[in-house]
Amino acid sequence: MFIPKIHSEMACPTRYRLINPSTSKASDENGSVSFCNCEYPVGMRWRHTTKKAVKCKCGEDASSRLDWTWDAESTSETVVSGKKVIFHPVYSQGTSVVRGNEPLMRGRHHYWEIKILSTLSGTDIMFGIGTDKVDLRRHRFAFASVLGLDDQSWGYSYRGLAQHNGQLKYYGKKFSQGRIIGIYVDMHRGTLEFFLNRRSLGRAYTGIPREDGVKIFPMISSTSAKSSIKLINAASFEDSLRFSCMKVICKYPKLLEQVNGIPGLRQTVQELWFLQFKDPKRPGEFAQNNLHLADEAVLCGKKLKLLGDTTVTAEQSEINTEAEIYDNLLKKEDVGGETEKPSRGNGTSESNSDNDDLSVMISREFFCNH
């Protein structure tokens, strides 16, 4: 009697299946780490545990501001319930696209974050933006990477790829459940930038249209059945001198700490919290693309003094990273402030000198870069 062989994954129930740790580690080398800091994440909880399952709230306390939400009438293949979206609740037969209920205003800075609630699989799940000319129902019976398929949309895929006008490029790490995706759109300069777990992935695209008559909407697309996401915050800010100064201040941790200690500016720091995210650590790229920091930051005028000094220590010559340059600039500024204190008038206090140094740093950095 012939007995057919049964595949091991089909014969073994899912809850009793063993996973080789070495295999799972190797397969996750190109992926990202979950943002979740819960004691028992949902993906690791045993279904018969005696502990009460608590819904994960990690990352949702940074900001509760919502300038827009999802448009429930934009698609029929999803369930939109306030901030939460469930794609293909029964089964998937194509690609579903959901957009925001309000377009992004021109001349403003927009930032929003999306938390991934389920595991991602299938052809593609994408996050990004698109114009009002994007046909949201065109691929409802086809599995496709919709965002970025033409010149009317821009997207970031869960496979770590970015796409626009049908052109794919390697952009970031792969991501799935528990990650937080941030999207920053500068509608004043027309740039698009993505964040993964609140770490910048670098500028993705420029040339976002800002002409009259063109409307840009936040968008998400998915081909995966029962995939779900949640909008945790969405805010916009006008392009002003305050915003530009805060972008400069947030580059310097010590300077940011001083500004946060001023009662009148503390609310501004809290309102523009997303500007404090750290840039990715790429020493090679930083050395090539950001050499202007040493010339245009705090030492615009004091660099001439350093050029006259021929004795350069080994510690100074080994400064390669962005953080080291920032710290070195601030140290030199502190030393310069101490040497200049005796020449000040008798009525000038130490706090006034600190405020003068703070204003000089901001003005030089801002006007040198603009």
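Think of each chain on its own: its residues are numbered from 1, step by step along the sequence as written. The predicted nature of this model means local features are confined to residues of pLDDT at least 70 and side-chain atom pairs, given and counted, to a pLDDT of 80 or more, with totals for whole chains, interfaces and linings taken over all residues. The basis for the side-chain values is all heavy atoms of the structure; hydrogens and waters are excluded.

## Some thoughts on the pairing of strand β3 (residues 96-99)
Along any regular strand the residues' side chains alternate between the sheet's two faces. Buried residues are those whose accessible area, probed at 1.4 Å on protein chains only, stays under 20% of the maximum for their type, while exposed residues exceed 50% and partly exposed ones sit between those limits. By definition, any uninterrupted DSSP run of H or I lasting at least four residues is a helix, any uninterrupted run of E lasting at least two residues is a strand, and each is numbered from the N terminus. Residues of β3 alternate between two faces, with S96 and V98 on one and V97 and R99 on the opposite face, all of them buried. We call two strands paired when DSSP finds no fewer than two bridges between them. When β3 meets strand β12 (residues 216-222), the two strands line up antiparallel, connected through 4 bridges. Paired with V98 across the bridge in β12 is I220.

## A short note on the pairing of strand β4 (residues 108-116)
In terms of burial, β4 is a largely internal element, 8 of the 9 residues being buried. Of the pairings in the sheet, the one linking β4 to strand β13 (residues 227-238) comprises 9 bridges and is antiparallel in character. Its bridge partner being in β13, H110 is matched across the sheet by S236. The sheet contact formed by β4 and strand β9 (residues 180-186) spans 7 bridges and is antiparallel.

## Here we look at the pattern of salt bridges
A side chain with one charge can pair with a side chain of the opposite charge if their charged atoms come near. Salt bridge, as used here, is a side-chain nitrogen of Lys or Arg placed within 4 Å of a carboxyl oxygen of Asp or Glu. In the structure shown here, the tally under the stated rule is 8 salt bridges. Residue R65 is joined to D67 by a salt bridge in which the shortest nitrogen-to-oxygen separation is 3.0 Å.

## Quick notes on unusual backbone geometry
If you check the backbone angles, R198 has positive phi at about 65° while not being a glycine. Inspection of the secondary structure assignment puts R198 in the loop between β10 (191-196) and β11 (199-206). Even without being a glycine, K226 presents a positive backbone phi close to 60°. For K226, the position within the fold is in the loop between β12 and β13.

## Concerning the sheet that holds strand β1 (residues 78-81)
Strand order in the open sheet formed by 7 strands is β1-β2-β13-β4-β9-β10-β11, and the pairing between neighbours is antiparallel. The sheet is open, and its two borders are formed by β1 and β11, each paired with just one other strand. The sheet shows a mean angle of 20° between the axes of neighbouring strands, direction not considered. Interaxial angles span 0 to 180 degrees and are taken between N-to-C directions of axes, which are lines fitted to C-alpha atoms, for helices over the stretch in contact.

## Quick notes on the sheet that holds β12
The 6 strands are arranged β3-β12-β5-β6-β7-β8 in an open sheet whose pairing can be described as antiparallel. Two strands close off the open sheet at either side, each with one partner strand: β3 and β8 (167-170). Within this sheet the neighbouring strands show an average axis-to-axis angle of 20°, counted without direction. As paired elements, strand β6 (residues 153-157) and strand β7 (residues 161-164) share 3 bridges and run antiparallel to each other. Note on β7: the bridge partner recorded for W154 is H164.

Function-wise, these values are silent; they only describe arrangement.
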